[in-house]
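# Results of the structural survey
Chain by chain, the residues run as shown.
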Amino acid sequence: MVICFMYLIMTKRLSALVALILIPILFALIGGHYAGLGAMMLDGVKTLAPTGVMLTFSILYFGIMIDAGLFDGLVRFILKMVKGDPLKVSVGTAALTMLVSLDGDSSTTYMIACAAFLPLYQRLGMSVLGMTCLVNIASGIMNISPWGGPTARAAAALHVDAMAIFLPMIPAMLMGAACLIFTAVVIGRGERARLGILHLDDFHKGSVTLGNGSTEECDENRRPRMFWPNLILTLGLIACLIAGAMPIQILFMVGFAIAIMLNYPTIEEQKARISAHATNVLAVTAVIFAAGIFTGILSGTGMVDAMAKSLLQVIPPALGPFLAVFTALVSLPFTFFMSNDAFYFGILPVIAQTAAQYGITPLEIARASVVGQPVHLLSPLVPSLYLLVALAKVDLGDHQRFALKWAILASLGLLAGGLLFGAFPFYQVR
């Protein structure tokens, strides 16, 4: 089912929205799962509903901040530094995104990175696929932080400490980051050869068209006097996200309400700003709820369990001492074709139990399991991916085709770093 789905969207025979709904239903009916099909789909939608709420209000929040001009200064600074050189733009995209990704939330990362870099890529005529590739992979590398999803799941599934997983993986993350910078250099040099270096010495002093509408409309929506209140509000929101002060959905709902009231106090202005961002909200949330049907059927019909059992059945005894490396390698396809929850709570404990017979500790297995995260964030099961492609206005299949080889390179960098610096062993026997 997953392979069929990927084929149809990557060859553009179906849109992701339609494929996420119809393909799992078709395969479930072929498999004879008539009874309870509606309940499975509803369970999947309920599971992703909090994510849909979070993305709705996070898009609105950052949309308001972009309209008000919070990121104009950052974009002008970047424009001044890169001076029209596509190579510097690519490297800057990778470096800035890794810094922004420290909060562990890929949705926030994508919105800030797109706000900062998309106008620059469009102004220089650079391929936006290069930007989405670098942003996506950078978020995958930094997602290994202890407050990120995969590390927290691995820690919970194997009953180990998240910091004990993370700290020995820092050198591996640096090697993954080096692979990302290499990718940025390759993409940037290709764009430099295609476009040359444009002379934009005074471009950063002009109008920066962020947001929806013409330059004049964007200028009308700017609120330069609200820069410091908006900055304080955004930094406070990010601090609360990192500290886990409230559920992320509630934080963005409250943040949005405060932001729109401060910047656009009249009802007419508020309606106009919400309408301006409604297209982006609908494009993302519709796919999120459609993905709920996909994941609900994948879990409810037992397909995930079947994939896990099939994997474990083909592990020969001779592979036992190499189970840490095996875990790292299978994390690439398995976190792509199934959710993180299915992999970390369904497969990882079984692998860890088997690996313990060869003297490989649960901590080492947990560290190896996060190697595939740069590839995982390209999965159609990851809700934030649809936010990225919607913000950048690129096709999902095009993005996956372009970025997959570079994501695999970053994962291999994490694997090499983990082995070289002893985060997990290549070969282990009692």
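Heads up: these notes are all about the structure in this document. Please read all numbers here as calculations on a predicted model, not as lab measurements. (Residues numbered from 1 in each chain as written. Predicted model: local features only at pLDDT ≥ 70, side-chain atom pairs only at ≥ 80, totals over all residues. Heavy atoms only, no water.)

## Looking at the pattern of salt bridges
Applying the stated criterion across every chain, the model contains 5 salt bridges. Residues arginine 273 and aspartate 67 are paired through a salt bridge, measuring 2.8 Å at the closest nitrogen-oxygen approach. Here arginine 273 is found in helix H14 (residues 267-300), whereas its partner aspartate 67 is found in helix H3 (residues 37-68), with 206 residues between them in sequence. Given the relative accessible area of 9%, arginine 273 is considered buried. The exposure class assigned to aspartate 67 is buried, which follows from its relative accessible area of 2%. (Salt bridge = Lys/Arg side-chain N within 4 Å of Asp/Glu carboxyl O. Helix = DSSP H or I, 4+ residues; strand = E, 2+ residues; numbered from the N terminus. Buried < 20%, exposed > 50% of the residue type's maximum accessible area, 1.4 Å probe, protein only.)

## Observations regarding the side chain of serine 369
Counting through the fold element by element, serine 369 comes out in helix H18 (residues 362-369). Once residues within four sequence positions are removed from consideration, serine 369 is found in contact with Ala154, Thr327, Ser331, Phe343, Tyr344 and Leu348. (Contact = heavy atoms within 4.5 Å.)

## A closer look at the state of the cysteines
The final tally for this structure, using the stated rule, is 0 disulfides. Left without a disulfide partner, cysteine 114 is nearest to the cysteine sulfur of cysteine 133, which lies 13 Å away. (Disulfide = S-S within 2.5 Å.)

## Some words on helix H20 (residues 383-392)
Most of H20 is tucked away, with 10 of its 10 residues classed as buried. Burial in H20 covers these residues: Pro383, Ser384, Leu385, Tyr386, Leu387, Leu388, Val389, Ala390, Leu391 and Ala392. Just downstream of H20, lysine 393 is the residue with a positive phi angle, here 60°.

## Looking at the environment of alanine 49
Following the sequence through the fold, alanine 49 ends up in helix H3. Using a relative accessible area of 26% as the deciding quantity, one classes alanine 49 as partly exposed.

## Remarks on the packing of aromatic side chains
Remark: the centre distance and the inter-plane angle together describe each pair of aromatic rings, the angle taken between the planes. If you walk through the whole model with that rule in mind, you get 8 aromatic pairs. Consider the rings of phenylalanine 227 and tryptophan 228, whose centres lie 5.2 Å apart with planes at 80°: the pair is edge-to-face. Since its relative accessible area comes to 31%, phenylalanine 227 is described here as partly exposed. Ring centres of phenylalanine 322 and tyrosine 427 lie 4.9 Å apart, and the angle between their planes is 65°; this geometry places the pair in the edge-to-face category. Here phenylalanine 322, found in the loop between helix H15 (303-313) and helix H16 (323-337), pairs with tyrosine 427, found in the segment after helix H21 (396-420); they are 105 residues apart in sequence, far enough to count as distant. Its relative accessible area of 47% is what places tyrosine 427 among the partly exposed residues. Ring pairs connect the aromatic residues Tyr61, Phe62 and Phe252, which therefore count as one cluster. Positioned above the aromatic ring of phenylalanine 402, the side-chain terminus of lysine 405 is 5.3 Å from the ring centre. (Phe/Tyr/Trp six-rings, centres within 6.5 Å; stacked < 30°, edge-to-face > 60°. Lys NZ or Arg CZ within 6 Å of the ring centre and 35° of its normal.)

## Some words on the packing of helix H5 (residues 86-100) against helix H10 (residues 170-195)
One can describe the packing of H5 onto H10 by two numbers: an axis separation of 7 Å at closest approach and a directional angle of 155°. With respect to each other, H5 and H10 are oriented roughly antiparallel. As for how H5 packs across H10, the hand of that crossing is right-handed. Across from Pro86, Leu87, Ser90, Val91, Ala94 and Met98 in H5, the residues of H10 making contact are Ala177, Leu180, Ile181, Ala184, Val185, Ile187, Gly188, Arg189, Glu191 and Arg192. (Axes fitted to C-alpha atoms, helices over the stretch in contact; angles between N-to-C directions. Parallel < 35°, antiparallel > 145°, perpendicular 65-115°, else oblique. Left-handed = near helix turned anticlockwise from the far one by under 90°.)

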